[in-house]
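The chain contents come next:
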Amino acid sequence: MKFAIVKGAPPEPASPTRAALAVELSQTSVTFGSGASAVPALSETTMRIPDGEFVALVGPSGCGKSTILRLVSGLVQPSTGAVIVGGREIAAKALRIGMAFQNPTMLPWLTIEQNVMLPLKIVEPFRSRFRQEKRGGFRDKVHGLLAQVGLSGFAGKYPWQLSGGMLQRANLCRALIHEPRMLLLDEPFGALDQFTREELWAILQELWLAHRPTVLLVTHDLREAGFLASRICVMSARPGRILDDSPVEFARPRSIAMTFEPDFVALNQRLRELIVDARSAQTAGSA
Amino acid sequence: MSINLKRRFWAAGLILLFFVGWELFCVISGMSDLILPRPSQVLATLVQRFPVLWPHILQTLATTMLGFVLGVALGVVLGAIIGVSRTAYDTAYPLLIGFSSIPKVAVVPIFVLWFGSGTVPAVLTSLSICFFPIVVNIATGLATTEPEMEDVLKALGASKFDILWNVGLPRTMPFFFASLKVAITYAFVGTVLAETVASNRGIGNVMMTASSNFNVPLVFAGLFILAGLGVALYVAFSLIEMRVTGWATRKNDFAAA
């Protein structure tokens, strides 16, 4: 069940396995600022995510989980080491990655339909066809995706007319509309109530099973990680390292009832202990 | 709708009450019309002298609009530069604040010195007085874009221009229109100021001449005209604002009036 992550392994030469890797972090560290005020956020992390996998990152607050997301999306450059996404070293130009945050950031002057359509206006090959198809094919595409998350009939509404849970569904649609190979989610359901959250887990699972993007999910909710992920990485306190990396092998589609079964509870328990240890190691270190 | 109607009724009532009160005050106190003319007198003067006043009204309106349009253009460009670039903000802001703190009355003689009296100094004065609120509001609107929204777009590979066009500028519209309403009133102040000091045309000049002839009702007629023009332009911009940025004012329908 558990295996230690290989540290300091030299980058492999081009091989079939390499091509199937969506994300590869090798000996990557990130430090914000410089000199005396330098803050190490991530220390020499090595991580490999095969194409189409659903990885959850859990760990104590401020451990660098979000930094990994920002590395993969190209928003942050590594201080040392390399980040390879889709077989290429990540450059300033990112590869049409879908992102969603806890804050749904819908633009208030656009309808839900227009909000979800926004990535098509920016990402090629949709961009060059946007004018011709925004009232045709693209519109159908948006409506189709909205229907999948239970938002049909809300396309023409404005963001302030929707509840937090509905906005977060629209947010997922916006992150997926341009069929990204990679989806980065930073605590997307953190601000929702328990029942809405469970509902959205099921929706996200369905979307993932249907489109199969590679997903990197940052979360504080261990049940969420266990329910959704095919692999869970536990990180240490800042500066973050990966402490534990385990596959989650429950059959899909998973149900909420499954999260109360003994195996699932045991997994939860083990993850919890790892994080509690990581937290207390940090407290002892700083004392 | 009935609440809206009621509100309008009370607003109209207050305006009427103001003028009736003024009229009564003049009649009862026997105030000389050299000090405070009655509103009915002002209105009579306005109607009677309208053919003479009309070219001056056009002059003031044209000067104000020209100064305003140039001021808005300058304000938008400066505001966009300052709002997008942190370096430009830090570098240019102190200078801008210094410039905007100068009382514009003090600048009119300099403009007259450079360009002679007439329309040019009036346009320049109204420009220099109205561009600052635009700069501040555009810069604020652009600088308050949600960082998460920017991250989402950058991850998609959006260029700086994509982000500005799709998020920055629409976001700035409510700030922009709020500042337009302030700027148009300022532009009038600038024009009339320059006209009183150095011009032989325009409402400002008419009021100056009238006051030196002790034609006080005509001075007040000038005030009425300025107030009317100011209100008309304010309403015009409010209506455009409602159309463009209705999303930002959905909760208060008094923004329309």
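Residues numbered from 1 in each chain as written. Chains lettered and ligands numbered in written order. Predicted model: local features only at pLDDT ≥ 70, side-chain atom pairs only at ≥ 80, totals over all residues. Heavy atoms only, no water.

Draft legend 1. Local environment of the overall build of chain B. Looking only at helices and strands, chain B has 10 helices and zero strands in total. Starting at the N terminus and ending at the C terminus, chain B contains elements arranged as α-α-α-α-α-α-α-α-α-α. Seen through its C-alpha atoms, chain B measures out along the principal axes to roughly 75 × 55 × 30 Å. Considering only contacts within chain B whose residues lie at least 6 apart along the sequence, 73% involve residues at least 24 apart. In the structure as shown, chain B presents an accessible area of about 13,700 Å², 74% of it carried by carbon and sulfur atoms. Side-chain charges in chain B split into 15 positive and 11 negative, and the spacing between the mean points of these groups amounts to 6 Å. (Helix = DSSP H or I, 4+ residues; strand = E, 2+ residues; numbered from the N terminus. Contact = heavy atoms within 4.5 Å. Areas by Shrake-Rupley, 256 points an atom, 1.4 Å probe, with all protein chains shown as cover. Lys, Arg positive; Asp, Glu negative; His and termini not counted. Charge placed at Lys NZ, Arg CZ, Asp CG, Glu CD.)

Draft legend 2. A look at the packing of aromatic side chains. The final tally for this structure, using the stated rule, is 20 aromatic pairs over all chains. Where Phe-130 of chain A meets Phe-138 of chain A, the ring centres are 6.1 Å apart and the plane angle is 45 degrees; that geometry is what we call tilted. Just as Phe-130 of chain A is buried, Phe-138 of chain A falls in that class too. Members of the aromatic cluster, joined through ring pairs, are Phe-18, Phe-19, Trp-22, Phe-220 and Phe-224 of chain B. The lysine or arginine in question, Arg-212 of chain A, covers the ring of Trp-208 of chain A, its NZ or CZ lying 4.1 Å from the ring centre. Positioned above the aromatic ring of Phe-99 of chain B is the side chain of Lys-104 of chain B, whose terminal nitrogen or guanidinium carbon lies 5.7 Å from the ring centre. (Phe/Tyr/Trp six-rings, centres within 6.5 Å; stacked < 30°, edge-to-face > 60°. Buried < 20%, exposed > 50% of the residue type's maximum accessible area, 1.4 Å probe, protein only. Lys NZ or Arg CZ within 6 Å of the ring centre and 35° of its normal.)

Draft legend 3. Spatial organisation of the packing of helix H5 (residues 108-115) of chain B against helix H6 (residues 119-143) of chain B. All names here are of chain B. Where H5 meets H6, the closest approach of the two axes is 9 Å, and the angle between their N-to-C directions is 140 degrees. Here H6 runs oblique to H5, going by the angle between their axes. Of the two possible hands of crossing, H5 and H6 adopt the one that is right-handed. Between H5, through Val-108, Phe-111, Val-112 and Phe-115, and H6, the contact on the second element is made entirely by Val-120, Pro-121, Leu-124, Thr-125 and Ser-128. Classifying every residue of the contact of H5 with H6 by side-chain character gives seven nonpolar, two polar and no charged. (Axes fitted to C-alpha atoms, helices over the stretch in contact; angles between N-to-C directions. Parallel < 35°, antiparallel > 145°, perpendicular 65-115°, else oblique. Left-handed = near helix turned anticlockwise from the far one by under 90°. Nonpolar A, V, L, I, M, F, W, Y, C, P; charged D, E, K, R; others polar.)

Draft legend 4. Focus on the packing of helix H3 (residues 50-84) of chain B against helix H10 (residues 216-245) of chain B. Residue and element names in this part refer to chain B. Relative orientation of the contacting elements H3 and H10 amounts to 40 degrees, with a least axis distance of 12 Å. By the angle between their directions, the pair H3 and H10 is classed as oblique. For H3 against H10, the interelement crossing comes out right-handed. Side by side, H3 and H10 meet where Leu-53, Ile-57, Thr-60, Leu-61, Met-65 and Phe-68 of the first sit next to Leu-218, Ile-225, Leu-226, Leu-229, Leu-233 and Phe-237 of the second. Among the residues forming the contact of H3 with H10, the class breakdown is 11 nonpolar, one polar and no charged.

Draft legend 5. Local environment of the domain arrangement of chain B. Residues and elements named next belong to chain B. When its domains are assigned, chain B resolves into domain 1 (1-31) and domain 2 (39-256). For domain 1 and domain 2, the distance between their C-alpha centres works out to 29 Å. Taken together, the five residues of domain 1 in the interface contact six residues of domain 2. Summing both partners gives a buried area of about 540 Å² for domain 1 against domain 2, and 63% of it is carried by carbon and sulfur. By the criterion of area lost to domain 2, the three top residues of domain 1 are Arg-7, Trp-22 and Glu-23, representing 71% of everything that side buries. Between domain 1 and domain 2 we count zero salt bridges in total. Split by residue class, the side of domain 1 that touches domain 2 holds two nonpolar, one polar and two charged. (Domains from an automatic or database assignment. Buried area = accessible area lost by both parts, 1.4 Å probe. Salt bridge = Lys/Arg side-chain N within 4 Å of Asp/Glu carboxyl O.)

Draft legend 6. Here's a closer look at the interface of chain B and chain A. Across the boundary between the two partners, chain B contributes 18 residues, which contact 24 residues of chain A. Between chain B and chain A lies a buried interface of about 2,000 Å² when both sides are counted; carbon and sulfur atoms form 67% of it. The largest per-residue losses of area from chain B upon contact with chain A belong to Ala-155, Leu-156 and Trp-247 of chain B, which jointly make up 29% of the total buried on that side. Summed over the shared surface of chain B and chain A, the number is two salt bridges. Taking the shortest distance from any N to any O, the salt bridge between Asp-151 of chain B and Arg-70 of chain A comes out at 2.5 Å. Where chain B meets chain A, there are four residue pairs in polar contact (both at pLDDT 80 or more). Those elements giving two or more residues to the side of chain B that touches chain A turn out to be helix H7 (147-155) and helix H8 (160-197) of chain B. Element by element, the count of residues in the side of chain B that touches chain A is highest for H7 of chain B, at seven residues. Here the side of chain B that touches chain A is composed, by residue class, of nine nonpolar, two polar and seven charged. (Polar contact = N/O pair within 3.5 Å; in protein donor to acceptor, adjacent residues only side chain to side chain.)

Draft legend 7. Fine view of the layout of surface pockets. The volume enclosed by the largest pocket comes to roughly 620 Å³. Considering the residues around the largest pocket, the lining is formed by 20 residues, among which Leu-110, Lys-121, Phe-130 and Lys-134 of chain A together with Asn-166 of chain B are closest to the centre. Considering only residue class, the lining of the largest pocket consists of nine nonpolar, three polar and eight charged. Volume-wise, the second largest pocket comes out at about 420 Å³. Forming the boundary of the second largest pocket are 18 residues, of which Gly-83, Val-84, Leu-142, Glu-150 and Lys-160 of chain B lie nearest the centre. When contributions to the lining of the second largest pocket are tallied by element, the ones reaching two or more residues are H3, helix H4 (86-101), H6, H7 and H8 of chain B. If one sorts the elements of the lining of the second largest pocket by residue count, H8 of chain B sits on top with five residues. Of the residues contributing to the lining of the second largest pocket, the split by class is nine nonpolar, five polar and four charged. (1 Å grid on protein atoms, 1.4 Å probe; cavity = no way out; pocket = protein on both sides within 12 Å on 5 of 7 lines; lining within 4 Å. Points joined across faces, edges and corners; volume = space filled by probe spheres on them.)

Draft legend 8. Region of interest: a nonpolar patch on the surface. A contiguous nonpolar surface patch, about 520 Å² in accessible area, is contributed by Leu-16, Val-20, Leu-24, Val-27 and Ile-28 of chain B. Within the fold, Val-20 of chain B resides in helix H1 (residues 2-29). (Patch = residues over 30% accessible without salt bridge, like charges linked within 9 Å, V, L, I, M, F, W, Y side chains within 5 Å.)

Draft legend 9. Region of the structure containing the sheet that holds strand S7 (residues 182-186) of chain A. Residue and element names in this part refer to chain A. Spatially, S6-S7-S8-S3-S9-S10 is the arrangement adopted by the six strands of the open sheet, whose pairing is mixed. Among the strands making up the open sheet, the edge pair consists of strand S6 (98-101) and strand S10 (242-247). The mean inter-strand angle of the sheet, taken between neighbouring strand axes irrespective of direction, is 15 degrees. In this sheet, S7 lies alongside S6 in parallel orientation, the contact comprising four bridges. Pairing of Ala-100 across the sheet is with Leu-185, part of S7. Sheet strands touched by helix H6 (residues 164-176): S6 and S7. Its angle to S6, the strand with the most contacts, is close to 160 degrees. (Pairing = 2+ DSSP bridges.)

Draft legend 10. Expanded view of the pattern of salt bridges. Residue and element names in this part refer to chain B. Counting across every chain of the model gives 16 salt bridges over all chains. Notably, a salt bridge pairs Arg-86 with Asp-90, separated by 3.4 Å at the nearest N-O pair. Of this pair, Arg-86 and Asp-90 both sit in helix H4, four residues apart, roughly one helical turn. With a relative accessible area of 59%, Arg-86 lands in the exposed category. Across the salt bridge formed by Glu-150 and Lys-154, the nearest N and O atoms sit 3.9 Å from each other. In this pair, Glu-150 and Lys-154 both sit in helix H7, four residues apart, roughly one turn of the helix.

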